[in-house]
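# Examination of the molecular architecture
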Amino acid sequence: GAVVSQHPSRVICKSGTSVKIECRSLDFQATTMFWYRQFPKQSLMLMATSNEGSKATYEQGVEKDKFLINHASLTLSTLTVTSAHPEDSSFYICSAPDRGTFGSGTRLTVV
Amino acid sequence: SQQGEEDPQALSIQEGENATMNCSYKTSINNLQWYRQNSGRGLVHLILIRSNEREKHSGRLRVTLDTSKKSSSLLITASRAADTASYFCATGQGATNKLIFGTGTLLAVQP
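Here goes a summary of the coordinates provided.

The rules behind these values
Residues numbered from 1 in each chain as written. Chains lettered and ligands numbered in written order. Predicted model: local features only at pLDDT ≥ 70, side-chain atom pairs only at ≥ 80, totals over all residues. Heavy atoms only, no water. Disulfide = S-S within 2.5 Å. Helix = DSSP H or I, 4+ residues; strand = E, 2+ residues; numbered from the N terminus. Buried < 20%, exposed > 50% of the residue type's maximum accessible area, 1.4 Å probe, protein only. Salt bridge = Lys/Arg side-chain N within 4 Å of Asp/Glu carboxyl O.

## Comments concerning the state of the cysteines
Here the structure, examined in full by the defined rule, presents two disulfides over all chains. Each sulfur of the disulfide joining Cys-23 of chain A and Cys-94 of chain A lies 1.8 Å from the other. Across the S-S bond linking Cys-23 of chain A and Cys-94 of chain A, the dihedral sits near -95°, which makes this disulfide left-handed. Of this pair, Cys-23 of chain A sits in strand β3 (residues 19–25) while Cys-94 of chain A sits in strand β9 (residues 90–96), placing them 71 residues apart in sequence. Just as Cys-23 of chain A is buried, Cys-94 of chain A falls in that class too. Between the sulfur of Cys-23 of chain B and that of Cys-89 of chain B lies a disulfide, 2.0 Å long from S to S. Linking Cys-23 of chain B and Cys-89 of chain B, the disulfide has an S-S dihedral of approximately 70° and is accordingly described as right-handed. With Cys-23 of chain B in strand β3 (residues 19–24) and Cys-89 of chain B in strand β9 (residues 85–93), this residue pair connects regions lying 66 residues apart in the sequence. Judged on exposure class, the residue Cys-23 of chain B and its partner Cys-89 of chain B are both buried. Unpaired in terms of disulfides, Cys-13 of chain A finds its nearest cysteine sulfur in Cys-23 of chain A, a separation of 17 Å.

## A few points about the pattern of salt bridges
All names here are of chain A. Scanning the model with the defined rule gives six salt bridges over all chains in all. Salt-bridge contacts for Lys-66 lead to Asp-88; the nearest nitrogen and oxygen are separated by 2.8 Å. With Lys-66 in the loop between β6 (54–58) and β7 (67–73) and Asp-88 in the loop between β8 (76–81) and β9, this pair connects stretches of sequence that are 22 residues apart. Residue Lys-66 shares its accessibility class with Asp-88, and that shared class is buried.

Treat this as a map of the structure, not an account of what it does.
So, in structure tokens, the structure goes:
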């Protein structure tokens, strides 16, 4: 139980385009979702906390307009990287604190 | 930065030896967790120790927590080649128990 399904697992996009990453809680309701970013050979950095039905809370230094977070239902949270650039290439991973479960991550490559 | 620090950054040992990793953090915490991550993959939760606990065991893992020193250690006994991975500590903080990750230790176990 307590599975968070994250899609896509891997995405390559062109510079300037937007990419949406989804995290679904499959067998429980997630009122909150954490979004992390991990650059190669580095640790996970918390980007933002999404809250069902309200605005996301962003960590210091994270651009709200670039990383759009939506938590429209108790089972779905999305992160959209807008106007992606090569420096946004990273591993993005979500986590549902209600159950302490992580998604499997999305490797984004912007070319 | 709230990020915790781990040492050593990298550790190379022989199979059968014990591996010890240390984690230091800066703020008050609800709990401290240890995760492993194989190269380019998702996170695997290893163990959680609450702020009012001092030591916890799980199989070959032993975790200690010293809240007065704001530090924790992870001991892996009788290491195996399959233990080769990156290990991260993460402190659960605040009302949402958001996880703030340490810098990580790259463990290499030589067969």
